[in-house]
Amino acid sequence: MNQENLEKAFEALRNGKFILVYDNDDREGEVDMIIASEFVTPKDIATMRDYAGGLICNCIHPLYCDAINLPFMNEIMKAASETYPVLSTLAPTDIPYDERSSFSIWVNHRKSFTGITDHDRSMTIKELAIMLKEERFDDFGKTFRSPGHVCLLRGAEGLLANRSGHTEIGIAMCEMAGVTPVCVVCEMMDSETGQATSFEDAKKYAEENDLVILKGDDIIKAYLENEDYSRLSLNMG
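Residues numbered from 1 in each chain as written. Predicted model: local features only at pLDDT ≥ 70, side-chain atom pairs only at ≥ 80, totals over all residues. Heavy atoms only, no water.

Peer 1: I'm lost on the nonpolar core in this one. Help?
Peer 2: Side chains of a nonpolar character, in soluble globular proteins, are inclined to be buried together. Core analysis: the largest hydrophobic core is formed by 38 residues, its most contacted members being Ile60, Leu132, Phe140 and Leu152. When residues of this core are assigned to their parent elements, the largest contribution, five residues, is made by helix α6 (residues 118-133). With residues up to four places along the chain from it excluded, the contact list for Ile60 reads Cys65, Leu70, Leu128, Leu132, Leu152, Leu153, Arg154, Gly155, Ile171, Pro181 and Val182. Of all hydrophobic cores here, the second largest spans 32 residues; its members include Leu6, Phe10, Cys151 and Tyr223. (Core = buried A, V, L, I, M, F, W, Y, C linked by side-chain atoms within 4.5 Å. Buried < 20%, exposed > 50% of the residue type's maximum accessible area, 1.4 Å probe, protein only. Helix = DSSP H or I, 4+ residues; strand = E, 2+ residues; numbered from the N terminus. Contact = heavy atoms within 4.5 Å.)

Structure follows, in structure tokens:
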């Protein structure tokens with residue numbers, strides 16, 4: 001990956017456009033559509049439904065997660081397992097490509113109706129990003145309810161220094177681009193094979209739709225080696 005391609009991806013994120021990211025052959029081996037959450041529209045949700053087809057998730061920077069006290073789902077299950085013992089048997093200890101899951105809770109905006117429509121999901125995603133950007137952390141419970149239809153993913157502490165999932169890659173790309181580090185990811189699925197869309201087919205889609213496609217290893221290298229890129233800091237005073 002050359003610097004020009006990386007800069008094109010940054011510009012796309014700043015303009016509310018999608019980028020495509022392939023993690024690597026030794027991990028999930030999947031291409032995700034990624035877009036900065038603060039710009040998401042109903043049309044973007046429809047695009048992910050129609051041309052990606054995976055799970056539409058909202059990835060949140062770990063500092064924001066700490067600020068709103070957002071737990072991992074496995075932490076919730078562990079805390080509740082004394083009352084519901086079956087939860088302890090469901091612990092995700094055998095994930096074949098990672099040590100832990102990024103999954104947290106699912107939410108809807110309180111002004112949504114069912115929560116699943118393109119309008120409702122885009123509102124939930126965008127308004128959460130704006131709330132975090134404005135550091136209105138006490139508004140989390142006032143503005144959103146759970147369970148809902150938007151899956152929240154908690155980024156790992158240290159992001160790409162400690163985990164190389166699409167969650168951390170997307171958040172890191174937002175940091176480097178200078179936009180609010182909350183992003184939507186959605187896996188691209190192949191309806192003919194029943195598997196993930198191949199990198200080659202995703203590349204064709206990117207070329208046909210004027211999108212930037214990147215490889216996760218290149219993003220990780222750029223993020224860890226260049227301290228000039230912006231990093232999130234919160235004004236908690």
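Structure shown, so let's carry the discussion forward.
Peer 1: Explain the environment of Arg100 to me, please; I cannot follow it from the model alone.
Peer 2: With respect to the helices, strands and loops of the structure, Arg100 is situated in the loop between α5 (86-89) and β4 (103-109). In the structure, Arg100 is positioned 63 residues away from Arg163 in sequence and 9.5 Å away in space, judged by C-alpha atoms. Dropping the residues within four chain positions of it, Arg100 is found in contact with Phe72, Asn74, Glu75, Ile95 and Arg163.

Peer 1: Would you take a moment to explain the side chain of Ser101 for this structure?
Peer 2: One can find Ser101 in the loop between α5 and β4. A distance of 3.1 Å separates a polar atom in the side chain of Ser101 from the backbone nitrogen of Phe103. Apart from the residues lying within four places of it in its own chain, the contact partners of Ser101 are Phe72 and Ile95. (Polar contact = N/O pair within 3.5 Å; in protein donor to acceptor, adjacent residues only side chain to side chain.)

Peer 1: Can you walk me through the packing of helix α1 (residues 3-14) against helix α8 (residues 166-177) in this structure?
Peer 2: Pairs of packed helices are described in terms of their axes, by the angle between the two and the distance that separates them. One way to put it is that α1 packs onto α8 with a least axis distance of 9 Å and a crossing angle of 90°. Judged by the angle between their axes, α1 and α8 are roughly perpendicular. The residues of α8 that touch α1, namely those facing Leu6, Ala9, Phe10, Leu13 and Arg14, are Met173, Cys174, Met176 and Ala177. Of the residues assigned to the contact of α1 with α8, the class counts are eight nonpolar, no polar and one charged. (Axes fitted to C-alpha atoms, helices over the stretch in contact; angles between N-to-C directions. Parallel < 35°, antiparallel > 145°, perpendicular 65-115°, else oblique. Nonpolar A, V, L, I, M, F, W, Y, C, P; charged D, E, K, R; others polar.)

Peer 1: I'm lost on the pattern of salt bridges in this one. Help?
Peer 2: Side chains that carry opposite charge are capable of pairing whenever their charged atoms lie near each other. Enumeration over the complete set of coordinates arrives at 12 salt bridges. Ionic pairing is found between Arg154 and Asp66, a salt bridge with its closest N-O pair at 2.3 Å. Linking Arg154 in strand β5 (residues 144-154) with Asp66 in helix α3 (residues 62-68), this pair joins segments that are 88 residues apart in sequence. Its relative accessible area of 9% is what places Arg154 among the buried residues. A salt bridge links Lys221 to Glu225, with the nearest nitrogen and oxygen atoms 3.1 Å apart. You can see Lys221 and its partner Glu225 sitting in helix α10 (residues 216-225), four residues apart, about one turn around the helix. Judged by relative accessible area, which is 57%, Glu225 ranks as exposed. Linked through salt bridges whose partners overlap, the residues forming this network are Glu134, Arg136, Asp139 and Lys142. (Salt bridge = Lys/Arg side-chain N within 4 Å of Asp/Glu carboxyl O.)

Keep in mind that these numbers describe shape and distance, not what the molecule does.
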